[in-house]
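# Close look at the chain arrangement
These are the residues of each chain, in order.
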Amino acid sequence: MEYILMIIGAVLVNNIILAQFLGICPFLGVSSKVDTALGMGAAVLFVMTLATLVTSCIQAYILVPLNITFLQTICFILVIAALVQMVEIILKKISPSLYQALGIFLPLITTNCAVLGVAILVTQKDFSILQSTVYAISSALGFILAIVIFAGLREQLELVNVPKGMKGVPIALITAGILAMAFMGFANLV
Amino acid sequence: MSKLNILTKGFFKENPVLVLVLGTCPTLAVTTSVKNALGMGLATTFVLLMSNTIISLLKNVIPDKVRIPSFIVIIATFVSMIDLLIQGYAPSLASSLGIFIPLIVVNCIVLGRAEAFASKNTVGDSILDGLGMGIGFTIALTIIGSVREILGSGSFFDHKFIQGDGILIFVLAPGAFLVFGFTVALVRYLQSKKKLKTEN
Amino acid sequence: MAKKESTLLQLVVTLTLIALLAGVALAAVYTVTKTPIEMAQQQKKTAAINQVLPGFQGELKDCECTVEGDKDPVTVHLAYQDGQCCGAAVETYTNKAFSGRFDIMVGLDAEGKVLGTAVLKHSETPGLGAKITDTESHFIQQFVGMNPAEKELKVKKDGGEVDAITAATISSRAFCDAVNRAVAAFNQVKEENHE
C-alpha cells in the first residue's frame, strides 16, 4: 500500500516535471514529436533507476559511514556521468538496435537535472534503498507521462496559427502551464 | 568583440534564460519570490565566475578527452562550496532554495559557458563572460520572481501590500510556466522591434 | 596551437589531480563552515523554543523519546522553572505531509495544552501548504489552548475541530499529526520521569 501511494504520488500528484520542475530542458528540447519523446523517456527511466540505485548505495555505505556527505554532489554527478557513458558503451556492444533508438539521448541525460535531482531527493527524504528505487522508477514514469502528453500537444500546435512572438518556446511554456494546471487536479488523490 | 561587449551581451542580447532558454529548471522552481530568485541568481553567478576562471586557467593542461568530466568536477566543487557557505551564513535562504542549490551543477548555462567560452578564451575574457552571463541570469530570475510574487502573494521582498491572498495560481506550478512563457514572448517582441528599427 | 594526442596515463593523472584538488578544497571549506552551520541550526532551534514558550526563562532538560508505532525519535526539551516542570518544547515531525516530512517545534504547558508552534523545516508547496509557516494566520493561532491529550486533533473534514488551510488539507492533517505526536511524546517523557 505504501508503495502504491508513493507511485501515485510521484507520477500524478508531485509530477517531477509539472510540479517539481526537474528535467525541464529535455521536456522543452525533445518534445516536438511523440516518438522522440518516448525514446527520451525510456532512456531517462533506464538511467534514473540505475543511477538512484547506485547513488543511494554509495550514500548508505560510503558517504554516511565515513562522514563525508559534503562530497555528495560531486560524487553523484560523477557517478551519473560515468554511468551514462557505461550504458552507452554496453548498449552499443549488446544491443545495437536499442542503442540506435536511445543512443542520441544518452549523452543529454548527464545534464538532465531530473536524474541528479531524484538522486539527491531520495537522500533528503531518508528513503531506504528499495524505497529509493521505487521512487526513481515512478518519477521516471511521471516524466514519460508528462513529456509524451506534451509532445502530443506540440504536434497539434504545429498546425495552429500562433502569433509571431509566441511561436516556439513561449507557446510551449504556456501549454506546459495549462498542463500543470490539469495535473493540479490530482492533488487530493493521496 | 570589445571587453564591454563580452560583459554586457549576457544582460539582454544573449540573455541565457530569456533568449537562449537555458537553465530553465531553477528559473521555474525558485522564482516564487524575489528573495529566492535573487539568491539563486547570485549563487549561480558565483559558480559561473569561479568555474569560468579556473577552467580558462587550466584549458591547456586538461587533455581534450577528459575535458567534460574535468569541467564537471570543477563545477561541482564550487557548487558544493556555495552550498556549504549558504547553509552556514544564510540558513533561511538554504531552506527555501533547498535542492536547487546542488542542482546548479546540472544548470546547462554553467557547463555551456565552460565548453563554449572559457575553454577557448583568455582568463580575463572568461571572467567577464561568466560575470555577464551570471548577471543576465539574475536579471531574468528577478523579473520573473517579481511578477510571480506581486501577482501571486501580493507582496514584494516579503512586504505585503494587500490583505489576504494574491492570485494564488501565480505562485503555484502553472504560474511559473505562464509567467516564463509570456516573458520570453515579450523579449522576442522587443528584439524583433529593435531589429526592425536597425534595418530601416 | 594543436593539442598533442594524450596518453592514457596523462588522462588518468590529470583527472586524478583535479579530483584530488577538488576534494582538498572542499574539505577546507567544509571545516571552515562546519561551526557556522551548526550554530545556525542551533540558533534556529533556540529561536523556535523562545517563540513557542513565550516568556520562559528557566532551564531546559533534553530527552529523546520514540512514540509507540514510530520509527524516528522526537526530542523533548522539558522546561523547568524553580525546579518545577512547567511544560516543554517538543521537536516533532510528521511523515504524512504533501512533500514527505516536515519538522515543527511545539510548546506545551504542564498539562499538555498547546502554547505555540513554529515550523523548523518543510518543503510544502509555496502558496498552499507553505502557509503553515505564517505564524499570524488563523490556522496556526487556532492551535493555541487546544489539548490533544483530551481530544486528538483532527481537521474538520475528518470529524475534528481544526479548520484546515484552504486547498491544503494534506498539509493541515500532517500538522495535526505532528502536534499529536508532540503531546504523546511529552506525556510519555513525563511518566518516565515520575517513575
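The following refers to the structure shown. (Residues numbered from 1 in each chain as written. Chains lettered and ligands numbered in written order. Predicted model: local features only at pLDDT ≥ 70, side-chain atom pairs only at ≥ 80, totals over all residues. Heavy atoms only, no water.)

## Remarks on the interface of chain B and chain A
Each side of the interface is counted separately: chain B has 32 residues, and chain A has 36 residues. A buried area of about 2,900 Å², summed over both sides, lies between chain B and chain A, and 86% of it is on carbon and sulfur atoms. Its largest share of buried area at the contact with chain A, chain B owes to B:Ile99, B:Val106 and B:Phe177, together 22% of the area lost on that side. Linking chain B with chain A are zero salt bridges. Taken together, the elements giving at least two residues each to the side of chain B that touches chain A come down to helix 2 (24-29), helix 4 (67-89), helix 6 (108-118) and helix 8 (173-199) of chain B. (Contact = heavy atoms within 4.5 Å. Buried area = accessible area lost by both parts, 1.4 Å probe. Salt bridge = Lys/Arg side-chain N within 4 Å of Asp/Glu carboxyl O. Helix = DSSP H or I, 4+ residues; strand = E, 2+ residues; numbered from the N terminus.)

## Structural notes on the interface of chain C and chain B
At the junction of the two partners, chain C supplies 25 residues and chain B supplies 27 residues. The junction of chain C with chain B conceals about 2,200 Å² of combined surface from both sides, 76% of it contributed by carbon and sulfur atoms. On inspection of chain C and its partner chain B, the count reaches zero residue pairs in polar contact (both at pLDDT 80 or more). The residue inventory of the side of chain C that touches chain B, partitioned by class, reads 15 nonpolar, six polar and four charged. (Polar contact = N/O pair within 3.5 Å; in protein donor to acceptor, adjacent residues only side chain to side chain. Nonpolar A, V, L, I, M, F, W, Y, C, P; charged D, E, K, R; others polar.)

## Looking at unusual backbone geometry
Despite not being glycine, A:Asn67 has its phi angle at roughly 60 degrees, a positive value. With relative accessibility at 54%, the residue A:Asn67 sits in the exposed group. Unusually for a residue other than glycine, B:Val21 sits at a positive phi of about 50 degrees. Mapped onto the elements, B:Val21 comes out in the loop between helix 1 (3-8) and helix 2. Classification of B:Val21 by relative accessible area gives buried; the value is 14%. (Buried < 20%, exposed > 50% of the residue type's maximum accessible area, 1.4 Å probe, protein only.)

## Observations regarding the packing of helix 4 of chain B against helix 6 of chain B
Residue and element names in this part refer to chain B. Remark: helix 4 packs on helix 6, axes separated minimally by 11 Å, with the N-to-C direction vectors making an angle of 130 degrees. Here helix 6 runs oblique to helix 4, going by the angle between their axes. Viewed along their axes, helix 4 and helix 6 form a crossing whose handedness is right-handed. Together, Arg-67, Ile-68, Phe-71, Ile-72 and Ile-75 of helix 4 and Val-110, Leu-111, Ala-114 and Glu-115 of helix 6 make up the contact between the two elements. For the contact of helix 4 with helix 6, a count of residues per class yields seven nonpolar, no polar and two charged. (Axes fitted to C-alpha atoms, helices over the stretch in contact; angles between N-to-C directions. Parallel < 35°, antiparallel > 145°, perpendicular 65-115°, else oblique. Left-handed = near helix turned anticlockwise from the far one by under 90°.)

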